[in-house]
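Below, each chain spelled out in residue letters.
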Amino acid sequence: MEVPERGRRAEAPWKKLSKEELENQYSPSRWVIRLGAEEALRTYSQIGDEATKRARATRRNRLHVPYGDGEGENLDIYFPEQVSEASPFCVFFHGGYWQSGSKDTSAFMVNPLTAQGVAVVIVAYDIAPKGTLDQMVDQVTRSIVYIQKQYPRNEGIYLCGHSAGAHLAAMMLLADWTKHAVAPNLRGFFLISGIYDLEPIVFTSQNGPLLMTLEDARRNGPQQLLEAALTQPVDPACHVLVIVGQHDSPEFSRQSREFYQGPQDHQPFIQQIPSEHLLQVRQGPAASRSCLALFSTQTLCRGGWNASFEELHDVDHFEIIWKLTQDDYVLTQMILRTIFQEP
Ligand SMILES: N[C@@H](CC(=O)c1ccccc1NC=O)C(=O)O
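Quick look at the structure, then. Here the structure is a predicted model, which is why all the values come from computation and not from measurement.

Before going further, it helps to spend a moment on the sheet that holds strand 1 (residues 61-66). A sheet is described by the order of its strands in space; here 8 strands give the open sequence 1-2-4-3-5-6-7-10, paired in mixed fashion. Bordering the open sheet on either side are strand 1 and strand 10 (306-312), each of which pairs with just one other strand. Neighbour-to-neighbour, the strand axes of this sheet turn through a mean angle of 15 degrees, independent of strand direction. Pairing of strand 3 (residues 89-93) with strand 4 (residues 119-123), which is carried by 5 bridges, proceeds in the parallel orientation. When the bridges of strand 4 are listed, V91 appears paired with V121. Each of strand 6 (186-192), strand 7 (239-245) and strand 10 is contacted by helix 10 (residues 250-261), which is oriented at about 160 degrees to strand 10, the strand it contacts most.

The structure is reproduced here in structure tokens:
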């Protein structure tokens with residue numbers, strides 16, 4: 001008998017979808033309701049481009065700062081008005097299915113956050129086909145270590161990511177910082193319309209430039225890492241906000257909900273564990289018996305994380321991020337309240 005992977009259900013719901021439906025569910029632009037798919041993508045780039053030009057023209061900044069030796073390993077830092085070494089830092093990872101997007105068009109939240117005293121960092125990483133998922137995860141790790149080393153007096157590092165960028169941020173929940181000289185002062189995560197199980201992506205056209213195998217997908221899956229984790233490396237006081245848009249596709253919505261609280265249909269189940277899998281602490285006849293154990297899918301909630309979930313009203317996959325250019329948008333306010341620990 002095999003010891004089950006912790007409480008994974010027999011079949012993930014996406015496996016029941018046809019190839020066309022899977023493709024549809026994992027094409028965010030097809031779910032936009034107010035614009036056509038191409039227009040939505042164009043508007044997203046245009047708003048990102050304008051926000052970045054505005055941020056660079058109006059905020060004190062350091063641009064294209066290298067965090068590693070690779071050509072693509074650099075980041076932009078935008079500072080608040082007041083002196084900045086000790087501010088909170090919000091580090092943003094852009095989306096684009098790990099194959100499009102750029103830090104140079106992703107400064108969406110810079111002006112509203114810096115106006116309130118938060119330094120904002122926009123990170124570049126090597127998108128596919130130049131970079132692999134493993135390399136991107138490593139680059140993101142090093143970008144955060146760089147910020148901690150440069151600004152050791154920071155009042156907290158908050159990671160924020162959109163879509164594929166939320167995946168990269170979520171990988172940092174369980175990152176091993178011991179091989180780096182410092183552990184970053186992580187105080188919060190804002191995971192916006194993210195992907196936490198990469199397995200379905202392997203079967204879509206998005207995998208063309210990524211060339212992910214199922215093994216790559218599992219190794220780089222925040223959901224899989226959570227399920228395998230025995231310890232919780234990040235401070236439990238660190239807040240994890242899982243956010244999805246009302247008009248994100250049902251699969252994107254499911255991914256966020258399940259990362260937060262597990263599958264809707266999940267029943268914890270009892271299974272017999274044979275004696276050879278048990279740690280033999282007692283000697284004698286009892287040690288040779290098998291044991292009944294209760295299994296349950298691991299999630300942010302069950303793992304004891306200080307997590308919350310929000311579905312944001314009437315926004316799609318792209319509006320959710322371009323509205324971060326607005327001071328009074330509900331998500332901008334949620335991020336600021338979390339950073340400044342206001343109720
Ligand atoms: N080809 C994709 C593009 C996409 O998914 C996307 C574009 C910009 C920012 C985030 C995106 N999604 C995930 O990273 C689509 O169909 O929408």
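It is worth spelling out the site of the ligand at this point. The full set close to the ligand counts 13 residues, and S29, G96, Y97, S163 and A164 are the nearest of them. With respect to the ligand, the backbone of G96 contributes an N or O atom lying 2.8 Å from an oxygen atom. Within the side chain of S163, a nitrogen or oxygen atom sits 2.6 Å from an oxygen atom of the ligand. Looking at the shell around the ligand residue by residue, the classes come out as 6 nonpolar, 7 polar and no charged.

Before going further, it helps to spend a moment on the environment of P88. Examined against the element boundaries, P88 turns out to sit in the loop between strand 2 (74-78) and strand 3. According to the relative accessible area criterion, P88 is buried, its value standing at 4%. Between the alpha carbons of P88 and R187 there is a distance of 9.3 Å; along the sequence they are 99 residues apart. Non-local contacts of P88, meaning those with residues more than four positions away in its chain, are made with G117, V118, A119, E155, G156, Y158, I339 and F340.

What counts and how
Residues numbered from 1 in each chain as written. Predicted model: local features only at pLDDT ≥ 70, side-chain atom pairs only at ≥ 80, totals over all residues. Heavy atoms only, no water. Pairing = 2+ DSSP bridges. Helix = DSSP H or I, 4+ residues; strand = E, 2+ residues; numbered from the N terminus. Axes fitted to C-alpha atoms, helices over the stretch in contact; angles between N-to-C directions. Contact = heavy atoms within 4.5 Å. Near = heavy atom within 4 Å. Polar contact = N/O pair within 3.5 Å; in protein donor to acceptor, adjacent residues only side chain to side chain. Nonpolar A, V, L, I, M, F, W, Y, C, P; charged D, E, K, R; others polar. Buried < 20%, exposed > 50% of the residue type's maximum accessible area, 1.4 Å probe, protein only.

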